Amino acid sequence: PPPPALLSPAGASLCLQVALEVLHRSQSPACSRLCDALIGQLAPPSLSPAESALVWGLQDPQRSRLLEAAMAVGGPQRLRELFQQQLKGRLRGVAAHRVANHGLQRLLDHAPADVVGEVLSELGPALAEPLTQGHPGVLTALLAACRRHPGLQQEALRCLFQVGHAPSALVSTPCSARPRP
């Protein structure tokens, strides 16, 4: 793993972000190793189900940039694992956080359909929350991800139409539980 000194200075962080991008574009196996090392250093799996090092890392302005870069090149299986192990059940807090919401957007930019579907299920009923916090990028990234996965588009539209147009009781119920018009 990279030494901690490489993770905090802004210049070193930028160098590691560029290294990830270059290695990814060159399809080098070193990209996967660097990605694993960065995620392992910045967001190691937590022993407690109540804690998530990834959420903590995404909330930290210095660490979040590197985690976002790692998610952008991590590949479907790595994103699936990160979501299942560290983000599932915590998305509302991540989406409402002023820094962490950007990491969620990067996840959605690259996530496979099953992860996007789970994010939609968890965030869909609460799409108004990130908007009220001033984070429209979460909604934009979720809708763009659903556009890439046609099977999710109808559900995404149903949830979108509920934002701001539903009584507060409906906002807290799952989109898929609502009767179709």
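Residues numbered from 1 in each chain as written. Predicted model: local features only at pLDDT ≥ 70, side-chain atom pairs only at ≥ 80, totals over all residues. Heavy atoms only, no water.

Enquirer: What am I meant to see in helix H7 (residues 100–110) here?
Expert: Each α-helix turn comprises 3.6 residues. Residues three or four places apart therefore point the same way. Taken together, the buried positions of H7 are Ala100, Asn101, Gly103, Leu104, Gln105, Leu107 and Leu108. Looking at the buried side of H7, the elements it contacts are helix H3 (53–59), helix H4 (61–73), helix H5 (76–87), helix H6 (91–96), helix H8 (113–123) and helix H10 (136–148). (Buried < 20%, exposed > 50% of the residue type's maximum accessible area, 1.4 Å probe, protein only. Helix = DSSP H or I, 4+ residues; strand = E, 2+ residues; numbered from the N terminus. Contact = heavy atoms within 4.5 Å.)

Enquirer: I tried to follow the environment of Ala19 on my own but got confused; where do I start?
Expert: Residue position: Ala19 is located in helix H1 (residues 10–25). Exposure remark for Ala19: the relative accessible area of 26% places this residue in the partly exposed category.

Enquirer: What am I meant to see in the layout of surface pockets here?
Expert: Gaps left between atoms show up when a probe the size of a water molecule is rolled over them. For the largest pocket, the calculated volume is near 150 Å³. Lining the largest pocket, in full, are Asp36, Ile39, Gly40, Ala43, Pro44, Pro45, Arg78, Glu81, Leu82, Gln85 and Gln86. Listed by contribution, the elements that provide at least two residues to the lining of the largest pocket are helix H2 (29–42) and H5. In terms of residue count, H5 provides more of the lining of the largest pocket than any other element does, five residues in total. Of the residues in the lining of the largest pocket, the class split is five nonpolar, three polar and three charged. (1 Å grid on protein atoms, 1.4 Å probe; cavity = no way out; pocket = protein on both sides within 12 Å on 5 of 7 lines; lining within 4 Å. Points joined across faces, edges and corners; volume = space filled by probe spheres on them. Nonpolar A, V, L, I, M, F, W, Y, C, P; charged D, E, K, R; others polar.)

Enquirer: Is there a simple way to explain the state of the cysteines in this structure?
Expert: Throughout this description, disulfide means a covalent bond between two cysteine sulfur atoms. Scanning the entire structure with this criterion turns up zero disulfides. Free of any disulfide, Cys146 has its nearest cysteine sulfur in Cys159, 8.3 Å distant. The class for Cys146 is buried, based on a relative accessible area of 2%. (Disulfide = S-S within 2.5 Å.)

Enquirer: Would you mind showing me how to read the environment of Glu21 here?
Expert: Within the element layout of this structure, Glu21 appears in helix H1. For the pair formed by Glu21 and Val73, sequence separation is 52 residues and the distance between their alpha carbons is 7.2 Å.

Enquirer: Just to check I follow, could you spell out the packing of H7 against H10 for this structure?
Expert: Following both chains from N to C, one finds H7 and H10 inclined at 10 degrees, their axes separated by 8 Å at the closest point. When the interaxial angle is binned, H7 and H10 end up roughly parallel. Along the contact surface, H7 presents Asn101, Leu104, Gln105, Leu108, Asp109 and His110, while H10 presents Gly137, Val138, Ala141, Leu142, Ala145 and Arg148. When its residues are assigned to classes, the contact of H7 with H10 shows six nonpolar, four polar and two charged. (Axes fitted to C-alpha atoms, helices over the stretch in contact; angles between N-to-C directions. Parallel < 35°, antiparallel > 145°, perpendicular 65-115°, else oblique.)

Enquirer: How should I be thinking about the side chain of Arg78 in this particular structure?
Expert: One can find Arg78 in helix H5. Not counting residues up to four positions away in its chain, the partners in contact with Arg78 are Ser32, Cys35, Asp36 and Ile39.

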